Structures are given as structure tokens and as C-alpha cells.
Amino acid sequence: MTSDSALNRRSFLARSAAGAAVPAVAALAGGVLARPASAATLPDFAPIPPSALGPPLNGHGYFVGRVQKNLYWVTDGTYQAAFLTTGEGVVLFDAPPTIGHNLQRAINQIASANRVSNRVTHVVYSHHHADHVGASSLFGGQVVRVGHVETKRLLARENDAKRPVPLPDVTFETKRTLRVGGERIDLAWHGTNHTPDNIYIHLPDHDTLMLVDILLPGWAPYNSFNVNEDVAGSVAAPARAMTYRWKHFIGGHMGRLGNRHDMVVYQRYVNDLIANIKKALAAVDPTPFFTRYGNNSWAAVQAYQAAQIELAAAPVIKEYTGVLAAADVYTASTVFPLLEWIRLDLGFDSQIHP
Ligand SMILES: [Zn+2]
């Protein structure tokens, strides 16, 4: 492979949302993927609305741009990080492995254009997930890593990567203001949402909020409601985000920055799903499923819930196709965790035997 084609393959993988998931899926599917897939027989999906896409990537496979003043963001089209240049060095926010060495390339590019230091002195972790902080080790042992106390605990518990993610040196429980080179960064933990440790990173002097894996601007959530660990906390997070003062939103994903309108559309999407799930829970008659499958209770429940999911998802997919990219790809999978939350935690439509 020439270095050019290696680079193209890398940036293709980096751009593909499924890139990181492919090995896991292949392992789960066993021999099935041994047969080559044919692109011609794969299903069609609705076109991506142009509003979902960001600026084009350069030859290395990244884009770096200004958010506001000395705050910048970097993307590979699927993942995002950000950095702040200061009088003392650079504060980096997250280090996704898909961007990898392009993080320092992007910092070098901006630092040399602005004649400021390109030396990363701090890395702030949004949460412990390896797909967002897995390249932190590239910045060596001298940088100060900052994260929630639970991020440190979870990384210490689950770190069995080939190149372990360095633990935060500085932790906090609810609030911490970082001051580096005259710049202000407000970190806050408002309870569990996507993960138990996912924090709000507010840059009040840059009109920016970074909150990862909640709103993915322009896109429907990733599989199963962004694999959010706490559904209630994740449903509540956008309203909390809106209490902050910001114009620019860094969601950790996809190719562009967000704004307050994106958050409003996302809240509406989730609320529409919840309303439709409540309707579907009440509307689908379980009788035929249990008649058909008899004492195979799981078959009956699976088919019954599949019918509820289909009924709840269909109108939302229709309404948001052309508004949120991939609404037709992942909405049905997002219905399931929401449906279980509504059924199990909210106790909606639970019936007591007479
Ligand atoms: Zn995550």
C-alpha cells in the first residue's frame, strides 16, 4: 500500500461512523462476514441532507477551524476534539483515536499561523469512553490530564487497551474552574447521562459548550440512543445544556459544530419519539403474538415489541428524514431503550392482574 492509499483508507475508516464498530460486529457475526458483502445488494437509505455535513477534510483526513477567538475544533468527519491556545500552552479537549496524530498536526497548523506555542500542557476528558480519549497517551507523561472523579475510576477499572488511557491527574466531583494562561474553562458534572462521568465543558469567554455523545448536530443519534447508559439522565441533558450561555456547540461527533437550533430540533425529536412510544405501547394488541408463539414467551415478546417499535418509529422517521441525517438508519434502534425506560422506569401502561 502506498502511503497515499494508506492515508485514504485511514481517512475513509475515520469518516465512516461504522469504522470503530466493524471489528466488534465482525466478531459477533462470526463466519457471516467471511462471505464478501456486495455493495450492490446492500440496502438503500435516504440521502444525507447537506445541512448535516461539515467542511471538507484536508489531505491528512482532518479539518481544523476556529470556533471563536483562540478556541479551535478538529474533526475527521465522524469524531471531534477541540483545543484552546493560551499564553502557557495548549489545552486539548478529548483525544479521539480516529483523529490520532492529526490532533498535533492541527495544533501545529494553528500555532504556527498565530505564532503561539504548540505544546499541549493540559488534556481535558469529556468522559472515559476510549473512542473519545483513546489517543491521550500520544501527549506523553508531562501534560496535566483533567477529568471527573468517576472518569478516573472507570478508566482504572476498564483499561485493558494495548496503549492504556492515562488516568486524570486532576479530578473533581461537581464543579471545577480551570485557569490556564489567562483563559477560563468551567467544568461541571450534573449527574449521570450518556455515562456516569460525562461532563459539561463550558467556555464562557468563547460562547461555547462541549457536551459529548448527547446531541450529534445534524444527525439522528447513533445506535440504541447513542448507547446512553442512563436514559432518564440523557433525556434531561439537553434542557440542562440550554441553561448555559453559548452559541457554539461541540458534540464530539460528526462533521460540523452545532448551535442552539440544533439542540431544539434534537429535543423535539426525542419528545416526538417518547409521545409515539406511549401511543404504541397502548395501541398494539398482544393477543395474536401470544396466540402464535404459545409457550415460547420470548418469541411472543420479541414480535410484540417489534410491532410497537415499528409503530412508534415510522411517523418520526417520516418527519425527520431530510432534517436529521440517518433518521431512517437508527431511529428504530433508539426507540427500544426509550421504550424500556418508559415501560420499566416510568411504569407507563403497566397493568396489574385483576
Ligand atoms: Zn461515549
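It should be emphasised that the depicted structure is a prediction, and the values quoted were computed from it without experimental measurement. (Residues numbered from 1 in each chain as written. Predicted model: local features only at pLDDT ≥ 70, side-chain atom pairs only at ≥ 80, totals over all residues. Heavy atoms only, no water.)

*Asks:* Help me understand the overall build of the protein, please; the structure alone is not making it clear to me.
*Replies:* Across its full length, the protein holds 11 helices and 12 strands. A fraction of 62% describes how many contacts in the protein between residues 6 or more apart in sequence connect residues 24 or more apart. On the protein, roughly 17400 Å² of surface is accessible, and the fraction owed to carbon and sulfur atoms is 56%. (Helix = DSSP H or I, 4+ residues; strand = E, 2+ residues; numbered from the N terminus. Contact = heavy atoms within 4.5 Å. Areas by Shrake-Rupley, 256 points an atom, 1.4 Å probe, with all protein chains shown as cover.)

*Asks:* I'm lost on the nonpolar core in this one. Help?
*Replies:* Taken as a class, soluble globular proteins show a tendency for nonpolar side chains to be buried jointly. One finds Tyr269, Ile277, Val335 and Leu338 to be the most contacted residues of the largest nonpolar core, which totals 36 residues. Among the secondary structure elements, those contributing two or more residues to this core are α7 (231-242), α8 (260-283), α10 (297-320) and α11 (327-345). By residue number, the principal contributor to this core is α8, which donates 10 residues. Ranked by size, the runner-up nonpolar core spans 24 residues in total, among them Val64, Tyr125, Val133 and Phe139. (Core = buried A, V, L, I, M, F, W, Y, C linked by side-chain atoms within 4.5 Å. Buried < 20%, exposed > 50% of the residue type's maximum accessible area, 1.4 Å probe, protein only.)

*Asks:* In this structure, what is going on with the coordination of the zinc ion? I would like to understand it.
*Replies:* Reference geometry at the metal: tetrahedral coordination by four donors gives ideal angles of 109.5 degrees; octahedral coordination by six donors gives 90 or 180 degrees. Here the zinc ion is held by the protein donor atoms His127 (NE2), His129 (ND1), His194 (NE2) and Asp213 (OD), which lie 2.1 to 2.2 Å from it. Viewed at the metal, the four donor atoms of the zinc ion are separated by angles of 86 to 169°, and the geometry they form is irregular. Going along the chain, you hit the donors of the zinc ion in the pattern H-x1-H-x64-H-x18-D. Separated by 86 residues along the polypeptide, His127 in the loop between β5 (120-124) and α4 (130-133) and Asp213 in the loop between β11 (208-210) and α6 (223-227) bring together distant segments of the chain. Residues His127 and Asp213 agree in their burial class; the two are buried. (Donors = N, O, S within 2.8 Å, 3.2 Å for Na, K, Ca; no water. Tetrahedral: all angles 85-135°; square planar, octahedral: opposite > 155°, others 65-115°.)

*Asks:* What is the right way to look at the sheet that holds strand β8 (residues 175-180) in this model?
*Replies:* Sheets are built from strands that pair by backbone hydrogen bonding, the pairs being arranged parallel or antiparallel. What the five strands build is an open sheet, ordered β8-β9-β10-β11-β12; its pairing is mixed. At either end of the open sheet lies a strand with only one pairing partner, and these are β8 and β12 (248-250). In this sheet, neighbouring strand axes are inclined to one another by 20° on average, regardless of whether the strands run parallel or antiparallel. As judged from the three bridges shared by strand β10 (residues 200-203) and β11, these two strands associate in the antiparallel manner. In the sheet register, Leu203 faces β11, and the bridge partner there is Thr208. (Pairing = 2+ DSSP bridges. Axes fitted to C-alpha atoms, helices over the stretch in contact; angles between N-to-C directions.)

*Asks:* Even after reading the chapter, I still don't get the side chain of Asp262, so can you show me in this structure?
*Replies:* Assignment of secondary structure puts Asp262 in helix α8. Residue Asp262 is classed as buried on the basis of its relative accessible area of 11%. Separated by 2.9 Å, the side chains of Asp262 and Arg256 make a polar contact. Excluding residues that lie within four positions of it along the chain, Asp262 makes contacts with Leu215, Pro217, Gly218, Arg256 and Leu257. (Polar contact = N/O pair within 3.5 Å; in protein donor to acceptor, adjacent residues only side chain to side chain.)

*Asks:* Please explain the side chain of Thr151 as it appears in this structure.
*Replies:* Looking at the secondary structure, you find Thr151 in helix α5 (residues 149-158). Overall, Thr151 belongs to the buried group, its relative accessible area being 0%. In this structure Thr151 touches Tyr125, His127, His128, Pro168 and Asp197, once residues within four positions along its chain are discounted.

*Asks:* I'm lost on the sheet that holds β5 in this one. Help?
*Replies:* Taken in spatial order, the seven strands make up an open sheet running β1-β2-β3-β4-β5-β6-β7, and their pairing is mixed. Both edges of this open sheet fall to β1 (63-68) and β7 (170-172), since each of them pairs with a single strand only. Neighbouring strand axes in the sheet, compared pairwise and without regard to direction, differ in orientation by 20° on average. Bridge count between strand β6 (residues 144-148) and β7: three bridges; the pairing is parallel. Each residue of the ladder has a partner; that of His148, found in β7, is Phe172. Contacts between helix α3 (residues 102-114) and the sheet are confined to β1, β2 (71-75), β3 (80-86), β4 (89-93) and β5, with β3 contributing the most and set at about 35° to the helix. Strand contacts of α5: β6 and β7, with the helix running at about 100° to β6, the strand carrying the most contacts.

*Asks:* When you look at the confidence of the model for the protein in this model, what are you seeing that I'm missing?
*Replies:* Mean pLDDT over the protein stands at 91; residues scoring 70 or higher make up 90%. For the protein, helix α2 (residues 22-29) is the element with the lowest average pLDDT, namely 44, and β11 is the one with the highest, namely 99. Across residues 1-31, confidence stays below pLDDT 50; counting only partners more than four residues off in sequence or on other chains, it has 18 contacts. (pLDDT = per-residue confidence, 0-100.)

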